[in-house]
Amino acid sequence: MSVSTMELAEARDMIQSLLEELGLKAYIFEIEPTEGGWSLRIDCALNGGWQSTRLEIPHRQLADCRRDHNARRALLSQWRRCLERCQRDS
């Protein structure tokens, strides 16, 4: 799928904001456009190692997080479960 540089930057900024809300201690991420949205890879620190997780995010779901508090909370809840083993800031 073809996305503009602006769309990629906006998606990256939104994902960065969401990940910061999760309070992960150490992580890196990358996103790639897919036909229906975004493929997000997150590597986060565990006690004594790292975990790599890939999440698929529909375009609409990520876009809704900008203006809909409930959509944002639902996505954060989903990610929290997927990343529950990751170390958090104290």
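Within every chain, residues take consecutive numbers counted from 1 along the sequence as written. Thresholds applied to this predicted model are a pLDDT of at least 70 for local features of residues and 80 or more for the giving and counting of side-chain atom pairs; totals over whole chains, interfaces and linings are not thresholded and use all residues. In computing side-chain values, all of the structure's heavy atoms are included and hydrogens and water are not.

A description of the state of the cysteines should follow, citing residues and the corresponding values.
Counting rule for disulfides: a pair of cysteine sulfur atoms within 2.5 Å. In total, this model carries 1 disulfide according to the counting rule given. In this model, C44 is linked to C86 through a disulfide, with the two sulfur atoms separated by 1.8 Å. Disulfide C44-C86: the torsion about the S-S bond is -50°, which places it as left-handed. With C44 in strand β2 (residues 37-46) and C86 in the segment after α3 (69-82), the pair connects residues that are 42 residues apart, well separated along the chain. Per residue, the accessibility class of C44 equals that of C86, and both read buried. Looking at the unpaired C65, the closest cysteine sulfur is the one in C82, lying at 14 Å. Here's how the labels work: a residue is buried when its accessible area is under 20% of the maximum for its type, exposed when over 50%, partly exposed in between, all with a 1.4 Å probe on protein chains only. Judged by relative accessible area, which is 3%, C65 ranks as buried. No disulfide involves C82; its sulfur sits 9.9 Å from that of C86, the nearest cysteine. For the purposes of this entry, the term helix denotes a DSSP run of H or I that reaches at least four residues, the term strand denotes a run of E that reaches at least two, and both are numbered from the N terminus.

Describe in detail the nonpolar core, supporting the description with residues and values.
Nonpolar side chains tend to gather and get buried jointly when the protein is soluble and globular. As used in this record, nonpolar core signifies buried Ala, Val, Leu, Ile, Met, Phe, Trp, Tyr and Cys residues forming a set joined through side-chain atoms within 4.5 Å. By size, the foremost hydrophobic cluster in this structure holds 22 residues, and its most contacted members are I15, L19, L40, L62, W79 and L83. Among the secondary structure elements, those contributing two or more residues to this core are α1 (5-22), β1 (27-33), β2, β3 (49-58) and α3. Ranked by residues supplied to this core, first place goes to α1 with 6 residues. Once residues lying within four places of it in the same chain are set aside, the contact partners of I15 are F29, I31, L40, I57, L62 and W79. Any two residues having at least one pair of non-hydrogen atoms within 4.5 Å are treated as being in contact.

Interpretation in functional terms is not warranted from these geometric data alone.
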